[in-house]
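Residues per chain, in single letters:
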There are 2 protein chains.
Amino acid sequence: MAIKRSLWLKLSTIQLIILFYLVAVAVSTVLLWLPIVHQPGVELHWIDALFTAASAISVTGLTVVSIPETFNTFGIVLLIVMMQVGGVGLMMLSTFIWLLVGKKIGFRERQLIMTDQNRLALSGLVKLTRDIFFLILAIEAVGALILGVYFLRYFPTWPEALLQAVFASVSATTNAGFDITGQSLIPFAGDYFVQVIHIILIILGAIGFPVLIEVKEFLFARDRGRYRFSLFTKLTTVTFFALVFFGTVAIYALEWSHFFAGKPWHRSLFYALFQSVSSRSGGLATMDMNEFSEPTLLLLSAMMFIGASPSSVGGGIRTTTLAVILLTVWHYAKGRSAVKVFGREIHEEDILKSFVVFIGALFLCFAAVLALSVSESSLPVVMLLFEVCSAFGTTGLSLGITSELSPFGKMVLVVVMFIGRVGIISFLWLIRGRAVKDSYHYPKERVIIG
Amino acid sequence: MAIKRSLWLKLSTIQLIILFYLVAVAVSTVLLWLPIVHQPGVELHWIDALFTAASAISVTGLTVVSIPETFNTFGIVLLIVMMQVGGVGLMMLSTFIWLLVGKKIGFRERQLIMTDQNRLALSGLVKLTRDIFFLILAIEAVGALILGVYFLRYFPTWPEALLQAVFASVSATTNAGFDITGQSLIPFAGDYFVQVIHIILIILGAIGFPVLIEVKEFLFARDRGRYRFSLFTKLTTVTFFALVFFGTVAIYALEWSHFFAGKPWHRSLFYALFQSVSSRSGGLATMDMNEFSEPTLLLLSAMMFIGASPSSVGGGIRTTTLAVILLTVWHYAKGRSAVKVFGREIHEEDILKSFVVFIGALFLCFAAVLALSVSESSLPVVMLLFEVCSAFGTTGLSLGITSELSPFGKMVLVVVMFIGRVGIISFLWLIRGRAVKDSYHYPKERVIIG
Ligand SMILES: [K+]
Ligand SMILES: [K+]
């Protein structure tokens, strides 16, 4: 018992999250590999089972096989569970672990998570985690119900409509982006109601749990006029919707004389809006990505690289990272000493962290594109960039090349999905080891930069 | 006089550097446009004259026309002057202006330049600038002399050999990378002596003036054992040569089974070494860049984006920027609070500056590639990326697409060369306006990052 406990404490918080991730992927790989979950006659290579498992647990949604042609109903139910475990579980677990090994993480970081979630007491964290879980389940249930009833006009029997609806709702809310239609949401390209429901579910998953909790608190507050949203909530929400807006306008403009040429404006608008929302992390699509011109693919790659909000079901560098970086560069250019926003100042440590996350993510994605350009020399670089950004943002939008990749190429994407989901900071902490105390200092000396 | 003086003082340091740059480009454009400098029968479009002028003043070396087929001997002599003005002049001028409007830049920045150049007194700056100018002239003269004598085996008459040698020496030392052979150094692909001379000249230009000055001081010091090189010199020199080494090994490995297949090892090694050195900022080439495979083009793009040392004739984000960023990410991952190197600590402001430069450069290059992918839709993204990075690093290596670009595409590259040469920091200061004093503060609040 004593040995167990010391072993437990020796594993750092981050290492436990990563352990959870790896175990979940390993178990999922074995489950998805079992012939019992496959359609008759299907044989799945273990690399494809691993890829699908990693894609489900990291809620990326990139696929090397067609889901409905490969898995039977049992397999599809398993996938629903995996998306749930991956999307909600990883976040919940990190909150739980913060509680369990609280002593290991130091007062400042514990204070941090409390600040983030609007200064809840440490003892309220269990309740908070439970809240998150039931909130997500409630969102998924409502989504499945609405879609289930509506889907009766598309599918002949109610069990079929309901399975489609439950899968679609979980896939959208967890931002997994898998589909069992065989062609994502392309069949619903003209059905704006289905798209709006999906957009709402995707945003609820990707906007970040702290935002959901604060909005819930706000709605139940006695005196709403005096409720103060945290800086985090303001920053991430404004950035999130600014990105959606900017993405919609940019896609519309770039495709105006290409794919959108000759289409009614509302159809083009919904194409642009849905793909913009989906590039945050959702990964569902109402059109074939190959229809987009290269500038749009570059833009979408950047949007997927940014990804969703922190503490959400999404990946990427996250919205707050981008916001802090842009604010810092702007304030630097204007010659101001502090980064001010919404009547608050950004902490220097968060500025440093943002830059480290950005640089780390950039080096990772560049290395991945470089590696793929060696192993998949027949594919153009822009397609490889799109695929890598899609994996890093755990978005799952694809030009359809995933299944053509070499085993090495698939493994590269598995690694990128993993780091994209657990986050660059967590990954960097893997190589941290025991923190070194700086007991000595050197004199500072300036150097010429840039 | 009073009005003149106040007008003079109103222009900030940076604005004067940029003004010099713009005037130099404008004058050069007109001069290169005059029929008197052209070969018989040549008609030069004004956009191509502007592009060549901007390329010469920013010592980039990208060309939209063949230099020997377009310009006569008078035009070539003009180009030599322009490379000199652009390469050495811009740096000298910035030092001069620091002297002239010293009061405008504040004590800290004046102290900074003194620190950089090994703590010389402010009054020594004129002498320093003169030193720099004569040092570069001396390097170019020695280079031209050696190459001139040697070139007699390639060119029939001594005036021809000498013109080639002077042009080559100035083009290499200022890292301009223009050629009047019509095919860069490809005719010398088997002549390792010519290549070694060029490598030395390129490095002397790109290693940074402060390094040259300190090395000169070291060589003339009474007690060499006690001479201390500045942190700047150590950091930039180590990074510079590490990049050259890493580049050589990477190019060798990536092309081993492609372009280098079947070639003798020393030939392959010199191909890899020369192109690695040249990607720092030189821009001369001993082979056709189109021979390289896509992974190598991606790698070279990154190398050109990094560029040369600060206070040199090169561009890019500069070596110290990369070094500070990598050191900071590494120290952050290891959980250390200060960034220590060579028995010194990096100043927080230099860390912030490095990240701002990197992010600014990245956004610029991404925007440029995106713009070109719209205007030059027939060219693959990897070629556009290579061209943009070549312009930003003022390197001038090219896949030969420069002359095919649309007028809009050429203007995009002119802007990128300009910002690459004057540096991101200078450019950001353009939009700074009058510095705002932070007389108030807000409370700090933490946010979740990454
Ligand atoms: K996804
Ligand atoms: K150059």
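Everything that follows concerns the structure shown earlier in this document.
This structure is a prediction, so every number in the text was calculated from the model and none was measured.

### Some details on the interface of chain B and chain A
Contacts between the two partners involve 82 residues from chain B, matched on the other side by 83 residues from chain A. When chain B packs against chain A, close to 7900 Å² is buried across both sides, 66% of that on carbon and sulfur atoms. Our count for the chain B to chain A interface comes out at 0 salt bridges. Inspection of the region where chain B meets chain A yields 0 residue pairs in polar contact (both at pLDDT 80 or more). When residues in the side of chain B that touches chain A are grouped by element, the largest group, 19 residues, is from helix H15 (residues 348-375) of chain B. Partitioning the side of chain B that touches chain A into residue classes produces 49 nonpolar, 13 polar and 20 charged. Where strand E2 (residues 344-346) of chain A meets strand E3 (residues 444-445) of chain B, 2 bridges bridge the pair, whose relative direction is parallel. Counterpart to Ile346 of chain A in the pairing with E3 of chain B is Glu445 of chain B.

### Here's the deal with helix H17 (residues 407-422) of chain B
Residue and element names in this part refer to chain B. Across its 16 residues, H17 extends 23 Å between first and last C-alpha, which sits within 8% of the 22 Å expected from 1.5 Å per residue. Taken across its 16 residues, H17 has 12 buried, putting it largely inside the fold. Downstream of H17 by one or two residues, Gly423 has phi in the positive range, about 95°.

### Brief notes about the coordination of the potassium ion (ligand 1)
Residues and elements named next belong to chain A. Looking at the potassium ion (ligand 1), one finds its protein donor set to be Val59 (O), Thr60 (O), Asn175 (O), Ala176 (O), Ser281 (O), Gly282 (O), Thr394 (O) and Thr395 (O), positioned 2.4 to 3.2 Å from the metal centre. The sequence pattern describing where the donors of the potassium ion (ligand 1) fall on their chain is V-T-x114-N-A-x104-S-G-x111-T-T. Within this pair, whereas Ser281 is found in helix H12 (residues 265-282), its partner Thr394 is found in the loop between helix H16 (381-392) and helix H17 (407-422), the two being separated by 113 residues in sequence. Summarising the burial analysis for this pair, Ser281 and Thr394 share the class buried.

### Describing the sheet that holds strand E3 (residues 444-445) of chain A
Taken in spatial order, the 3 strands of this open sheet run E3(A)-E2(B)-E1(B), and their pairing is mixed. Edge strands, defined here as strands with exactly one partner in the open sheet, are E3 of chain A together with strand E1 (340-341) of chain B. Against the sheet, helix H11 (residues 231-255) of chain B engages E3 of chain A together with E1 and strand E2 (344-346) of chain B, with an angle of about 75° to E2 of chain B.

### Notes on the coordination of the potassium ion (ligand 2)
Ideal geometry at a metal centre: 109.5 degrees between donors when four sit tetrahedrally, and 90 or 180 degrees when six sit octahedrally. Residues and elements named next belong to chain B. Within the protein, Val59 (O), Thr60 (O), Asn175 (O), Ala176 (O), Ser281 (O), Gly282 (O), Thr394 (O) and Thr395 (O) serve as the donor atoms for the potassium ion (ligand 2), at 2.4 to 3.2 Å. Look at where the donors of the potassium ion (ligand 2) fall in the sequence and you get V-T-x114-N-A-x104-S-G-x111-T-T. Taken together, the residues span a long stretch of sequence, with Asn175 in the loop between helix H8 (158-173) and helix H9 (192-206) and Gly282 in helix H12 (residues 265-282) at a distance of 107 residues. Here Asn175 matches Gly282 in class, with each residue buried.

### Things to note about the packing of H12 of chain B against helix H13 (residues 294-306) of chain B
Residue and element names in this part refer to chain B. Contact geometry of H12 with H13 gives a least axis separation of 6 Å together with a crossing angle of 45°. Judged on the interaxial angle alone, H13 and H12 are oblique. Here Gln275, Ser276, Ser279 and Arg280 of H12 come into contact with H13, specifically with Leu300, Met303, Met304 and Ile306. Counted by class, the contact of H12 with H13 contains 4 nonpolar, 3 polar and 1 charged residues.

Rules used in this analysis
Residues numbered from 1 in each chain as written. Chains lettered and ligands numbered in written order. Predicted model: local features only at pLDDT ≥ 70, side-chain atom pairs only at ≥ 80, totals over all residues. Heavy atoms only, no water. Contact = heavy atoms within 4.5 Å. Buried area = accessible area lost by both parts, 1.4 Å probe. Salt bridge = Lys/Arg side-chain N within 4 Å of Asp/Glu carboxyl O. Polar contact = N/O pair within 3.5 Å; in protein donor to acceptor, adjacent residues only side chain to side chain. Helix = DSSP H or I, 4+ residues; strand = E, 2+ residues; numbered from the N terminus. Nonpolar A, V, L, I, M, F, W, Y, C, P; charged D, E, K, R; others polar. Pairing = 2+ DSSP bridges. Expected span 1.5 Å × (residues − 1). Buried < 20%, exposed > 50% of the residue type's maximum accessible area, 1.4 Å probe, protein only. Donors = N, O, S within 2.8 Å, 3.2 Å for Na, K, Ca; no water. Axes fitted to C-alpha atoms, helices over the stretch in contact; angles between N-to-C directions. Parallel < 35°, antiparallel > 145°, perpendicular 65-115°, else oblique.

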